[in-house]
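Secondary and tertiary structure notes
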Amino acid sequence: MEKLIITAAICGAEVTKEHNPAVPYTVEEIASEAEKAYKAGASIIHLHVREDDGTPTQDKERFRLCMEAIKERCPDAIVQPSTGGAVGMSNDERLQPTELNPEMATLDCGTCNFGGDDIFVNTENTIKEFGTRMIERNIKPEVEVFDKGMIDMAIRLNRKGFIKSPMHFNFVMGVNGGISATPRDLVFMAGSIPAGSTFTVSGIGRHQFAMASMAIIMGGHVRVGFEDNVYISKGVPAKSNAELVERVVRLANELGREIATPAEAREILGLN
């Protein structure tokens with residue numbers, strides 16, 4: 001079985017210090033959290049950025065500052081900026097970090113409800129635009145899917161040339177309005193992707209470590225971090241993203257799965 005790639009989604013766009021005081025906002029805080037997660041075993045830093053007051057932004061220069069600060073502390077880490085941004089942002093806003101030519105970036109493959117009255121909008125033309133940009137800039141997309149239909153969309157657009165093979169998927173499990181975080185549904189999702197593809201699993205909230213355990217057993221990869229969950233156990237806030245990564249490392253060790261280094265992650269994902 002392949003070694004396990006751990007992604008740390010260190011801050012997200014929606015979670016705040018009111019949810020957990022350790023959620024990073026500033027460039028220094030983001031770089032520090034990234035370094036701790038990297039040292040704990042994460043090969044990929046999934047990156048949203050904030051203004052110093054916590055306001056989510058897709059500003060290219062803010063991404064540049066954060067990415068440079070992370071690379072100073074973790075030179076070989078894979079930094080994967082989000083093009084999801086935050087609910088309500090325009091396509092042009094969301095695409096700004098691709099102008100920095102990262103190795104990877106996220107590519108959301110469908111529209112979904114996002115709690116309350118929020119809708120996370122990704123039309124077919126949006127997906128095509130984002131996919132084309134990533135091909136032009138030689139950026140490996142992580143295909144973000146919240147439901148089975150988004151896998152089907154990715155496969156269709158792959159056949160039309162908007163997403164290159166082999167595809168790497170991130171199954172986001174347990175979002176209200178998306179697919180549930182159950183073993184049955186994870187097996188269904190994993191069985192629906194093309195041969196030769198790879199996948200990561202992101203369990204939301206209380207589902208984080210149950211889904212991580214399933215992914216480890218099934219030969220997939222794992223994403224943890226404050227973007228998806230701010231607790232290390234029920235009612236106990238995590239002290240850092242590293243604490244969440246460390247728990248995945250312990251689970252992997254118990255289940256006989258070795259942890260991939262950044263170099264090994266690049267080989268598994270086919271990054272240049």
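Above: the structure in question.
Residues numbered from 1 in each chain as written. Predicted model: local features only at pLDDT ≥ 70, side-chain atom pairs only at ≥ 80, totals over all residues. Heavy atoms only, no water.

What follows deals with helix 5 (residues 148-159). For helix 5, which comprises twelve residues, the first-to-last C-alpha distance of 17 Å matches the rise-based estimate of 16 Å (1.5 Å per residue) to within 8%. Along its buried surface, helix 5 packs onto strand 7 (112-113), helix 4 (124-136), strand 9 (140-145), strand 10 (168-173) and helix 6 (183-190). One or two steps after helix 5, the chain reaches Gly161, where phi turns positive at roughly 95°. (Helix = DSSP H or I, 4+ residues; strand = E, 2+ residues; numbered from the N terminus. Expected span 1.5 Å × (residues − 1). Contact = heavy atoms within 4.5 Å.)

This part takes up the packing of helix 1 (residues 27-40) against helix 8 (residues 241-254). Relative orientation of the contacting elements helix 1 and helix 8 amounts to 15°, with a least axis distance of 8 Å. Classified by the angle their axes make, helix 1 and helix 8 are roughly parallel. The handedness of the crossing between helix 1 and helix 8 comes out as right-handed. Facing Glu33, Lys36, Ala37 and Ala40 of helix 1, the residues of helix 8 in contact are Asn241, Ala242, Val245, Glu246 and Val249. (Axes fitted to C-alpha atoms, helices over the stretch in contact; angles between N-to-C directions. Parallel < 35°, antiparallel > 145°, perpendicular 65-115°, else oblique. Left-handed = near helix turned anticlockwise from the far one by under 90°.)

A few words now on the pattern of salt bridges. Summed over all chains, the structure comprises 18 salt bridges. For the salt bridge of Asp52 with Arg62, the shortest nitrogen-to-oxygen distance reads 2.6 Å. Highlighted residues: Asp52 in the loop between strand 3 (49-50) and strand 4 (56-57) and Arg62 in helix 2 (residues 60-73), separated in sequence by ten residues. For Asp52, a relative accessible area of 51% corresponds to the exposed category. The class of Arg62 is buried, set by a relative accessible area of 11%. For the salt bridge of Glu99 with Lys60, the shortest nitrogen-to-oxygen distance reads 3.1 Å. (Salt bridge = Lys/Arg side-chain N within 4 Å of Asp/Glu carboxyl O. Buried < 20%, exposed > 50% of the residue type's maximum accessible area, 1.4 Å probe, protein only.)

Moving on, we come to the layout of surface pockets. Once rolled over the atoms, a probe with the size of a water molecule shows which space is left empty. Of the pockets and cavities examined, the largest pocket occupies roughly 750 Å³. Of the residues belonging to the lining of the largest pocket, the class tally is 13 nonpolar, 13 polar and seven charged. Its boundaries defined by the atoms lining it, the second largest pocket holds a volume of some 340 Å³. What lines the second largest pocket is a set of 20 residues, and nearest its centre among them are Asn138, Ile139, Lys140, Lys164 and Gly270. Elements that contribute at least two residues to the lining of the second largest pocket include exactly helix 4 and strand 9. The element contributing the most residues to the lining of the second largest pocket is helix 4, with three residues. Looking at the lining of the second largest pocket residue by residue, the class counts come to eleven nonpolar, six polar and three charged. (1 Å grid on protein atoms, 1.4 Å probe; cavity = no way out; pocket = protein on both sides within 12 Å on 5 of 7 lines; lining within 4 Å. Points joined across faces, edges and corners; volume = space filled by probe spheres on them. Nonpolar A, V, L, I, M, F, W, Y, C, P; charged D, E, K, R; others polar.)

Most often, soluble globular proteins have nonpolar side chains that are buried together. With 76 residues, the main nonpolar core has Leu47, Phe169 and Phe171 as its most contacted residues. The contact partners of Leu47, leaving out residues within four places of it in the chain, are Ile10, Ile30, Phe63, Cys66, Met67, Ile70, Val79, Gln80, Pro81 and Ser82. Ranked by size, the runner-up nonpolar core spans eight residues in total, among them Ile5, Ile44, Ile78 and Ala260. (Core = buried A, V, L, I, M, F, W, Y, C linked by side-chain atoms within 4.5 Å.)

A word on helix 2. Along its 14 residues, helix 2 runs 20 Å from first to last C-alpha, staying within 8% of the 20 Å computed at 1.5 Å per residue. Within helix 2, burial applies to Arg62, Phe63, Cys66, Met67, Ala69 and Ile70. For helix 2, the buried positions fall inside an angular range of 160° around the axis, keeping them on one side. Against the buried residues of helix 2 lie helix 1, strand 2 (44-47), strand 3, strand 4 and strand 5 (78-81). Structurally, the start of helix 2 carries an N-cap: the backbone nitrogen of Glu61 is 3.2 Å from a side-chain oxygen of Asp59. (Arc of directions from axis to C-beta. Polar contact = N/O pair within 3.5 Å; in protein donor to acceptor, adjacent residues only side chain to side chain.)

What follows deals with the sheet that holds strand 12 (residues 221-224). Across a sheet, strands are paired by hydrogen bonds formed along the backbone, either parallel or antiparallel in direction. With parallel pairing, the eight strands of this open sheet are ordered in space as 5-2-1-12-11-10-9-6. Strands at the two margins of the open sheet, each flanked by one partner only, are strand 5 and strand 6 (104-108). On average, each strand axis in the sheet is tilted by 25° relative to the strand beside it, whichever way the strands run. Of the strand pairs in this sheet, strand 10 and strand 11 (residues 198-203) are connected by six bridges, and their pairing is parallel. Looking at the pairing, Met173 lines up with Gly203 of strand 11. Across the face of the sheet, helix 2 comes into contact with strand 2 and strand 5 while running at roughly 160° to strand 2. Sheet strands in contact with helix 5 are strand 9 and strand 10, and its direction is about 150° off that of strand 9. (Pairing = 2+ DSSP bridges.)

These figures capture arrangement, not role.
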